[in-house]
Amino acid sequence: FLSVTEDLVRRRAEHNNCEIFSLEEISLHQQEIEKIEYLDKWCRDLKILYLQNNLIPKIENVGKLKKLEYLNVALNNIERIENLEGCEELKKLDLTANFIGELSSIEALKYNIHLKELFLVGNPCTEFEGYRQFVVATLPQLKCLDSKEIERSERIQALQNYPEVKQKIREQEQAYLLKRAREKEEAQRRMQERKEKKQKQMESKLGFDSPDSLQNKENHQSGDQEQEMWRTVEDDDEDRRFWEEPTPYTPESRLETHRYIEEKRRAKDNIRESKKREKRLQTLVTAEGKVLNVNVPKLHFSLKDDEENNQIILDLAVYR
């Protein structure tokens, strides 16, 4: 998986002369990060941390950031709120468009007494009946939820209905967690199927390139082109099947899609690199028997026929 590296943090700390120990704000969005780590050791003075649009499944290793005021982890794969108790100064938390279905996990934010703004829009839990009432009643310090200010009257009503709403939330949460367990099993099955299919494809390709098949291809001048076309058609079919297959929007499918795109990109890069490394064969004599002049380094030269002395003079400009 991809994690936070010191090199990445230093590059993102240009505004702070690449010094990270005194860094107060850093943006690590869209870096394909799959794990939060090291920031609580390297950047203890952080006040603002942007980690949106990555592949982070869990909030972790931020508990020692005592000065952190704003944490943005929108558009990630987070499923529950946790490990933020140590962020004593946290005022704003953005969890937009994650996969939080365990709504009761917001109870962990009770310890963040300075928390004023919370964003949960785009999470499965926002579809629960009584969602807003539950959050408003659970977090008395909150002033704004999903960009909407919490009125005093709204909080009073939420507290009055709290026991009933809490029970409803628990029931919906349990149903959601059962659904997630099924989704994880399905994702595991899909991954195993794809792994087995890939293994078969590899074996098939090895068979295609076996000595017998290579011998057969030598009988056809277009053998290489046929092989290239076969692979291209196969890749196109695989692409079409992957993108057309209906799948639920889950942390697993989002990660699978990212890995698939990365795999395809790496394969293309490898092909491009191998083609660069391939040396063009020097042809000195054509099929008709004509001898060719080859000047690969493009050196300046002149060729003179000295009939008087019965000789040919080659004047060649060479390197020192």
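Quick summary incoming for the structure in this document. Once a new chain begins, its residue numbering starts again from 1 and follows that chain's sequence as written. The predicted origin of the model limits local features to residues at a pLDDT of at least 70 and limits the giving and counting of side-chain atom pairs to 80 or more, whereas totals for whole chains, interfaces and linings rest on all residues. Based on all heavy atoms of the structure, the side-chain values leave hydrogens and waters out of the count.

Some thoughts on the overall build of the protein
Here a helix means four or more residues in a row that DSSP labels H or I, a strand means two or more in a row labelled E, and each is numbered from the N terminus. For the protein, the helix and strand inventory stands at eight helices and nine strands. The buried label goes to any residue with under 20% of its type's maximum accessible area, the exposed label to any with over 50%, and the partly exposed label to all in between, with areas taken from a 1.4 Å probe on protein chains only. Out of the 320 residues in the protein, the part that is buried amounts to 33%. In short, Shrake-Rupley with a 1.4 Å probe defines the accessible areas, and a residue's cover is counted only from the protein chains shown. Summed over its atoms, the accessible surface of the protein is roughly 21300 Å², and 51% of this surface lies on carbon and sulfur atoms.

Focus: the pattern of salt bridges
Only one rule defines a salt bridge in this text: a Lys or Arg side-chain nitrogen within 4 Å of an Asp or Glu carboxyl oxygen. Tallying each qualifying case throughout the model produces 21 salt bridges. One salt bridge in this structure joins R170 and E107, with 3.4 Å as the shortest N-O distance. Of the two residues, R170 sits in helix α5 (residues 162–208) while E107 sits in the loop between β4 (92–94) and β5 (117–119), which places them 63 residues apart along the sequence. Among the charged side chains, a network of salt bridges with common partners joins E79, K179, R180, E183 and E252.

Section: the packing of aromatic side chains
Aromatic pairing here means that ring centres of Phe, Tyr or Trp (its six-membered ring) are within 6.5 Å. Orientation follows from the plane angle: under 30 degrees is stacked, over 60 is edge-to-face, and everything else is tilted. Under the counting rule described, the total for this entry stands at five aromatic pairs. Note on F99 and Y249: the rings are 5.0 Å apart at their centroids and 45 degrees apart in plane angle, and the pair reads as tilted. Here the residue F99 occupies a position in the loop between β4 and β5, and Y249 occupies one in the loop between α7 (223–244) and α8 (251–277), the gap between them amounting to 150 residues. Classification of F99 by relative accessible area gives buried; the value is 4%. Above the face of the Y70 ring, K92 is positioned so that its terminal group lies 4.6 Å from the ring centre. In our convention, an over-ring charge means Lys NZ or Arg CZ found within 6 Å of a ring centre and within 35 degrees of that ring's normal.

Concerning a nonpolar patch on the surface
The patch calculation keeps residues exceeding 30% relative accessible area without a salt bridge and links them within 9 Å when they carry like charges or within 5 Å when they are nonpolar (Val, Leu, Ile, Met, Phe, Trp, Tyr). A contiguous nonpolar patch, built from L284, V285, V291, L292, V294 and V296 and spanning about 520 Å² of accessible area, is present on the exposed surface. With respect to the element layout, V294 can be found in the loop between α8 and β8 (301–306). Under the relative-accessibility criterion, V294 is labelled partly exposed at 43%.

Focus on the sheet that holds strand β2 (residues 48–50)
Between any two strands, pairing holds if DSSP finds at least two bridges. Strand order in the open sheet formed by seven strands is β1-β2-β3-β4-β5-β6-β7, with mixed pairing between adjacent strands. In the strand order of this sheet, the two ends are held by β1 (25–27) and β7 (148–149), each with one partner. Where β4 and β5 come together, three bridges link them in parallel fashion. Bridge pairing links L93 to L118 in β5.

Focus: unusual backbone geometry
Positioned with a positive phi, N83 is a non-glycine residue whose angle comes to about 60 degrees. Structurally, N83 is set in the loop between β3 (70–72) and β4. Of note, the phi angle at D146 is positive, near 55 degrees, even though the residue is not glycine. Its location among the elements puts D146 in the loop between β6 (144–145) and β7.

Here's the deal with the packing of helix α3 (residues 131–138) against helix α4 (residues 152–160)
Helix-helix packing is described using two parameters, namely the angle between the two axes and the distance between the axes. Angles run from 0 to 180 degrees between N-to-C directions of axes, and those axes are lines fitted to C-alpha atoms, restricted for helices to the stretch in contact. Between α3 and α4, the shortest axis-to-axis distance is 8 Å and the interhelical angle comes to 95 degrees. The orientation of α3 with respect to α4, classified from their angle, is roughly perpendicular. On α4, the residues touching R132, Q133, V136 and A137 of α3 are E154, R155, A158 and L159. Roughly parallel refers to an angle under 35 degrees, roughly antiparallel to one over 145, roughly perpendicular to one between 65 and 115, and oblique to any angle outside these ranges. Any pair of residues with heavy atoms lying within 4.5 Å of one another is described as a contacting pair.

Here we look at α3
Among the eight residues in α3, seven count as buried, and that is most of the element. Those residues of α3 lying buried are Y131, R132, F134, V135, V136, A137 and T138.

What about the nonpolar core?
Residues grouped as a nonpolar core are buried Ala, Val, Leu, Ile, Met, Phe, Trp, Tyr and Cys residues, joined through side-chain atoms within 4.5 Å. If you look at the biggest cluster of nonpolar residues, it comprises 52 residues, and the most contacted ones within it are L49, L84, L93, L95, L103, L118 and V135. Secondary-structure elements contributing two or more residues to this core are α1 (6–11), α3 and α5. A total of five residues in this core trace back to one element, the largest contributor, which is α3. Aside from chain neighbours lying at most four places away, what touches L118 is L93, L95, L109, V135, L139, L142, C144, L145 and D146.

Here we look at the environment of S147
Within the fold, S147 resides in the loop between β6 and β7. On the basis of relative accessible area, S147 is assigned to the exposed category, the value being 58%. Sequence spacing of S147 and V121 is 26 residues, and the spatial spacing of their C-alpha atoms is 9.2 Å.

Here we look at the pairing of strand β9 (residues 311–316)
The buried fraction of β9 amounts to zero of the six residues, a small share that puts the element mostly on the outside. Relative to β9, β8 runs antiparallel, the two being bridged by six bridges. Across the sheet, K304 pairs through a bridge with I313, a residue of β9. In textbook terms, the turn of a hairpin is the stretch between consecutive antiparallel strands, and for β8 and β9 this stretch comprises four residues, one of which, N310, has a positive phi near 55 degrees.

Looking at the environment of N72
Following the sequence through the fold, N72 ends up in strand β3. Judged by its relative accessible area of 6%, N72 is buried. In protein, a polar contact means a hydrogen-donor-capable atom and an acceptor-capable atom, both N or O and within 3.5 Å, with residues adjacent in sequence counting only if both atoms are side-chain atoms; elsewhere, any N or O pair within 3.5 Å suffices. Within polar-contact distance, the side chain of N72 engages the backbone nitrogen of A74 at 3.0 Å.

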